[in-house]
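In case you want the letters, here they are:
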2 protein chains.
Amino acid sequence: MIRFYNGRVITMQGELRPESLEVWTDGGKIAYVGPGKEGGSFEREIDMKGGVLLPGFKNAHTHSAMTFLRSFADDEPLDTWLNQKVFPYEAKLTGAAVYAFAKVAIMEYLSSGITSCFDMYFHNDAYVAANTECGFRAVLCGAINNFDKNPRKLEDDYNKYNAVSPLISYKLGFHAEYTTGKPILEYVASLAKKYSAPVYTHNSETASEVAGCKERYGMTPTELFDSLGIYDFGGGGFHCVYMSERDLEIFRDRGLFAVTNPSSNLKLASGIAPLCDMRKAGISVAIGTDGPASNNALDMFREMYLAAVLPKVREMDASAMDAADVLRSACSVGALAMGLTDCDCIKEGKRADLVLIDTNRPNMQPEHNIVKNIVYAGSKENVRLTMIDGRVLYENGEFFIGAEPGKVYEEANRLAREITG
Amino acid sequence: MIRFYNGRVITMQGELRPESLEVWTDGGKIAYVGPGKEGGSFEREIDMKGGVLLPGFKNAHTHSAMTFLRSFADDEPLDTWLNQKVFPYEAKLTGAAVYAFAKVAIMEYLSSGITSCFDMYFHNDAYVAANTECGFRAVLCGAINNFDKNPRKLEDDYNKYNAVSPLISYKLGFHAEYTTGKPILEYVASLAKKYSAPVYTHNSETASEVAGCKERYGMTPTELFDSLGIYDFGGGGFHCVYMSERDLEIFRDRGLFAVTNPSSNLKLASGIAPLCDMRKAGISVAIGTDGPASNNALDMFREMYLAAVLPKVREMDASAMDAADVLRSACSVGALAMGLTDCDCIKEGKRADLVLIDTNRPNMQPEHNIVKNIVYAGSKENVRLTMIDGRVLYENGEFFIGAEPGKVYEEANRLAREITG
């Protein structure tokens, strides 16, 4: 067992407040949460030094392997970016490259206290290898679209990757309405029905995406997906920047998750998502970094800050969003959005996916309100330790992922040059 | 002498590009910038391990001692925030408290690679003590307004604090139009003339500030200040969110600096500054964090990111702002805005105010473009070393400021509780 003591715990059960508790983990699970007591047999005891233990951050939308395009195509119009700087190079990706690029991303996630990702890309075998070798928890998301030679492999993938490893799961998904024709959408709906499974996709990221869908179908993407039965068993949308009242009603009625990607939406000039409208409508909001080609960081502190402050400027009201809601989105709601119902809070029996926040740093001082300190002033410097499934994978700046960082960087640089050069 | 070797230098002279150079410092100055050569006698040699040496970041607008209100009053409307949660507690501040709270801020600046601040507050003796004891470089900014019993002390302060220490300088300034009556403004203008000195102030931060000024004077704040001669010898404005075309012309014609505070403008729901219009008009833009009560972090990486991406979403154009312009603003333009003409670039004879960026972290990998990596993906985790006036004050997470961090935090917490409790 591992014992966390001498600190505070925000369990994310009920109200968000730090409590002076101990947390013991046993194997991959949380074995005890409560006041200090006798009786534990520990292989390691971790003095939290007054820090705060949280359920790990959940990155509810990303494309990890896109690290290979980080800072390769910035400050360019969206069209140029996508058609000249992303698609042609993605076409050159091999499984080996995806494996190498995903590892860089996993390291960055760990350094930011992220314990699982909802990851949409291709070469999924390579993804599985990178994640399981590092000990990282990933939920893969189907990404089928018109460019897939065999979109019907979605069902095979669904069954295959949901059985491949306890650290890996897989959700039905497709890329987006604008890249996916109606027959494929109908096929996705049939799978949702067959497996009573939720479905996820990019949804209403840009104004032109919504306009195009209306032109093609006379409906918004959300209305279209709902009309086809795609959302009959839940799921969600990534981005959700341009949402009509009717879209929000559908999200609420279907229990869909809206995954916001504030940093990407700024950098690609997509817009600012209506998070206040979502909250008012009772929609659960999770948070994602999106891929490193459009962010360019994979940092939950950046996303939390933006998810808290962008609604304020969108509504021109400094009280528009509360930091506690945002922290809950980053830790608990994200887990539920990805179907990780055993990673959403700190409770006996849940998986031991934890982040230890170092409060002995100037940006956390003085301490009037630790939740607000984390959301408004927190940064990667405050991540002292990241644990996934009971294993410490990151601590004091060092990685314990079975690979030497320098070698991971070297390989990523070599392959990135090869592909983009 | 201290030698930096085995890395890259972005000197900020001319184009922004990393060059494989060495930098030697001698006392407080840069003694040599060039290829490796014989002949140095070094007390220390710093292996940059491939990292990047930059002129330190300049925080061109802040109120450091407001750390005492960090996370004390968030998510509240601006009026409540200012009148109920800021002003009443500021009234209780003593010099000893300002000293303690400023030290927390200085530590945070160092952890973010910030080597000097343009700091507007009161109890300036305490500020000077905190900065000089830590070895930090500060430019104090006059903050006179209607609440000062003797606004005419501005002149005394100007002469006193410009002579107090090589690390300290002082600029003429007043709080803002809406807190400063015309007789004081005229007095400031007379000092500007007497000393041929630039003047700085909060300028056009909110729409209501501009509307109020127009109602009182039939002019925008910028027009008013210009009409009084306040800007006759240069200076600048903090925030500059609501700027008319005429305001921008005045800024251009007078060579005024616009200091943008993107994070504060979001959090207080002030708006998004027209940085593209400023660039087009040829106005120099510097970057500031504003105070920790309205940000709440003191992190130049956050501000650089926002200064780069907010213009994109404001103009709905992903190519609206280039990362290189932003990095130049953070390092060089900031220095010039504050009158630190010997801290703007890495060049023989300039002050040795430097930040060493650690690129051996996942967020800096792979490396297509180091400038974009720093602006779009950089974080405090990448600050390996911060040097001010030739002294290493921060390295590998540790502070060398003649004070024990735990004691600084303890004192700040004690005093913050005393004041706000």
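The structure displayed is predicted, hence computed values, not measured ones.

### Things to note about the overall build of chain A
Inference 1: A count of helices and strands for chain A gives 14 helices and 18 strands.
Inference 2: Relative to the compact-globule value of 22 Å for 421 residues, chain A shows a C-alpha radius of gyration of 21 Å, a close match.
Inference 3: Overall size of chain A, expressed as C-alpha extent along the three principal axes, is 65 × 45 × 45 Å.
Inference 4: Each of the 421 residues in chain A was classed as buried or not, and the buried ones make up 67%.
Inference 5: Taking all contacts inside chain A whose residues are at least 6 apart in sequence as the whole, residues at least 24 apart take part in 73%.
Inference 6: The positive charge centre, built from 44 side chains, and the negative charge centre, built from 55, are 2 Å apart in chain A.

### Focus on the relation of the copies chain B and chain A
Inference 1: Here chain B sits on chain A after a turn of 180 degrees about the axis and a move of 0.0 Å along it, with an RMSD of 0.0 Å. When the rotation and shift are considered jointly, the pair of chain copies conforms to a two-fold rotation axis. Nearest to the rotation axis, the C-alpha of B:Glu381 is located 2.8 Å from it, this being the minimum over chain B.
Inference 2: Mapped onto chain A, 100% of the interface residues of chain B are again interface residues, and the two copies thus contact each other with one and the same surface.

### Structural notes on the interface of chain B and chain A
Inference 1: The interface is formed by 68 residues belonging to chain B together with 68 residues belonging to chain A.
Inference 2: Carbon and sulfur atoms make up 58% of the surface buried where chain B meets chain A, a total of about 5000 Å² over both sides.
Inference 3: Interface area lost by chain B to chain A is led by B:Asp75, B:Pro362 and B:His368, which between them contribute 14%.
Inference 4: Counting the contacts that link chain B with chain A gives 6 salt bridges.
Inference 5: The partner of A:Glu381 in a salt bridge is B:Lys380, and the shortest N-O contact between them spans 2.6 Å.
Inference 6: Residue assignment for the side of chain B that touches chain A shows that the elements contributing at least two residues are α2 (95-111), α9 (262-267), α11 (300-315), α13 (370-377) and α14 (405-420) of chain B.
Inference 7: For the side of chain B that touches chain A, the leading source of residues is α11(B), giving 7 residues.
Inference 8: Here the side of chain B that touches chain A is built from residues that sort into 32 nonpolar, 21 polar and 15 charged.

### Looking at the domain arrangement of chain A
By convention, interface size is frequently given as the accessible area that disappears when the constituent parts associate.
Residue and element names in this part refer to chain A.
Inference 1: Domain boundaries in chain A define domain 1 (2-55 + 350-399) and domain 2 (57-337).
Inference 2: Regarding the contact of domain 1 and domain 2, the summed buried area is about 2500 Å², with carbon and sulfur atoms giving 67% of it.
Inference 3: Three residues stand out in domain 1 for area buried against domain 2, namely Val375, Tyr376 and Lys380, and they jointly supply 27% of the buried area on that side.
Inference 4: Close ionic contact of aspartate 389 with arginine 137 constitutes a salt bridge, the shortest N to O distance being 2.6 Å.
Inference 5: For the pair domain 1 and domain 2, the number of links is 5 residue pairs in polar contact (both at pLDDT 80 or more).
Inference 6: Going through the elements one at a time, β6 (52-55), β15 (354-357), α13 (370-377), β16 (383-388) and β17 (391-395) are the ones with two or more residues in the side of domain 1 that touches domain 2.
Inference 7: Residue composition of the side of domain 1 that touches domain 2, by class: 17 nonpolar, 4 polar and 7 charged.

### Details of the packing of aromatic side chains
Inference 1: According to the stated counting rule, one finds 38 aromatic pairs over all chains in the structure shown.
Inference 2: Sitting over the face of the ring of B:Tyr32, B:Lys37 holds its NZ or CZ atom 3.9 Å from the ring centroid.
Inference 3: Above the ring of A:Tyr376, the side-chain terminus of B:Lys267 is found at 4.7 Å from the ring centroid.

### Side note on the pairing of strand β4 (residues 29-34) of chain A
Residues and elements named next belong to chain A.
Inference 1: Of the pairings in the sheet, the one linking strand β3 (residues 22-26) to β4 comprises 5 bridges and is antiparallel in character. Its bridge partner being in β4, tryptophan 24 is matched across the sheet by tyrosine 32.
Inference 2: Counted between consecutive antiparallel strands, the loop separating β3 from β4 contains 2 residues, among which glycine 27 sits at a positive phi close to 60 degrees.

### Structural notes on the pattern of salt bridges
Inference 1: All told, the structure shown has 58 salt bridges over all chains when counted by the stated rule.
Inference 2: For A:Lys350, the salt bridge is made with A:Asp344, and the minimal N-O distance between the two is 2.7 Å. Both residues of the pair, A:Lys350 and A:Asp344, belong to the buried class.
Inference 3: Among the charged side chains, a network of salt bridges with common partners joins A:Arg70, A:Glu108, A:Lys380, B:Arg361 and B:Glu381.

### Points about the nonpolar core
Inference 1: Membership of the largest hydrophobic core comes to 244 residues, with the highest contact counts inside it found for A:Phe57, A:Met304, A:Leu327, B:Phe57, B:Met304 and B:Leu327.
Inference 2: Counting contributing residues, this core receives three or more from each of domain 1 (2-55 + 350-399) and domain 2 (57-337) of chain A.
Inference 3: Once residues within four sequence positions are removed from consideration, B:Leu327 is found in contact with B:Met12, B:Leu16, B:Leu54, B:Phe57, B:Met304, B:Val371, B:Ile374 and B:Val375.

### Description of the environment of B:Val86
Residues and elements named next belong to chain B.
Inference 1: Along the chain, valine 86 turns up in helix α1 (residues 78-90).
Inference 2: Each C-alpha atom of the pair valine 86 and alanine 281 lies 36 Å from the other, and the pair is 195 residues apart in sequence.
Inference 3: In this structure, valine 86 is in contact with Met66, Leu69 and Trp81, ignoring residues within four places of it in sequence.

### Concerning the sheet that holds β4(A)
Strand pairs in the sheet, formed through backbone hydrogen bonds, run parallel or antiparallel to each other.
All names here are of chain A.
Inference 1: Sheet architecture is open: 4 strands sit in the order β4-β3-β1-β5, paired in mixed fashion. Each edge of the open sheet is held by one strand with a lone partner, namely β4 and β5 (44-47). Neighbour to neighbour, the strand axes of the sheet diverge by 15 degrees on average, direction disregarded.

### Re helix α12 (residues 323-337) of chain B
Residue and element names in this part refer to chain B.
Inference 1: Over its 15 residues, α12 runs 19 Å from end to end, which matches the ideal 21 Å to within 8%, given 1.5 Å per residue.
Inference 2: Turning to α12, its buried residues number three or more, namely Ala323, Val326, Leu327, Ser329, Ala330, Cys331, Ser332, Val333, Gly334, Ala335 and Ala337.
Inference 3: A distance of 2.8 Å separates the backbone nitrogen of alanine 324 from a side-chain oxygen at the start of α12, and that oxygen is part of aspartate 322.
Inference 4: Within two residues after α12, glycine 339 carries a phi angle of roughly 80 degrees, on the positive side.

### Points about the sheet that holds strand β12 (residues 235-239) of chain B
All names here are of chain B.
Inference 1: The strand order β7-β8-β9-β10-β11-β12-β13-β14 describes an open sheet built from 8 strands, whose pairing is parallel. Taken across any chain shown, the strands that pair with only one partner, and hence form the sheet edges, are β7 (57-62) and β14 (284-287). This sheet shows a mean twist of 25 degrees between the axes of neighbouring strands, independent of strand direction.
Inference 2: Sheet strands touched by α11: β7, β8 (114-119) and β14. Its angle to β7, the strand with the most contacts, is close to 85 degrees.

About the thresholds
- Residues numbered from 1 in each chain as written.
- Chains lettered and ligands numbered in written order.
- Predicted model: local features only at pLDDT ≥ 70, side-chain atom pairs only at ≥ 80, totals over all residues.
- Heavy atoms only, no water.
- Helix = DSSP H or I, 4+ residues; strand = E, 2+ residues; numbered from the N terminus.
- Rg over C-alpha atoms; globule rule 2.2 N^0.38 Å.
- Buried < 20%, exposed > 50% of the residue type's maximum accessible area, 1.4 Å probe, protein only.
- Contact = heavy atoms within 4.5 Å.
- Lys, Arg positive; Asp, Glu negative; His and termini not counted.
- Charge placed at Lys NZ, Arg CZ, Asp CG, Glu CD.
- Least-squares fit on C-alpha atoms with pLDDT ≥ 70 in both.
- Buried area = accessible area lost by both parts, 1.4 Å probe.
- Salt bridge = Lys/Arg side-chain N within 4 Å of Asp/Glu carboxyl O.
- Nonpolar A, V, L, I, M, F, W, Y, C, P; charged D, E, K, R; others polar.
- Domains from an automatic or database assignment.
- Polar contact = N/O pair within 3.5 Å; in protein donor to acceptor, adjacent residues only side chain to side chain.
- Phe/Tyr/Trp six-rings, centres within 6.5 Å; stacked < 30°, edge-to-face > 60°.
- Lys NZ or Arg CZ within 6 Å of the ring centre and 35° of its normal.
- Pairing = 2+ DSSP bridges.
- Core = buried A, V, L, I, M, F, W, Y, C linked by side-chain atoms within 4.5 Å.
- Axes fitted to C-alpha atoms, helices over the stretch in contact; angles between N-to-C directions.
- Expected span 1.5 Å × (residues − 1).

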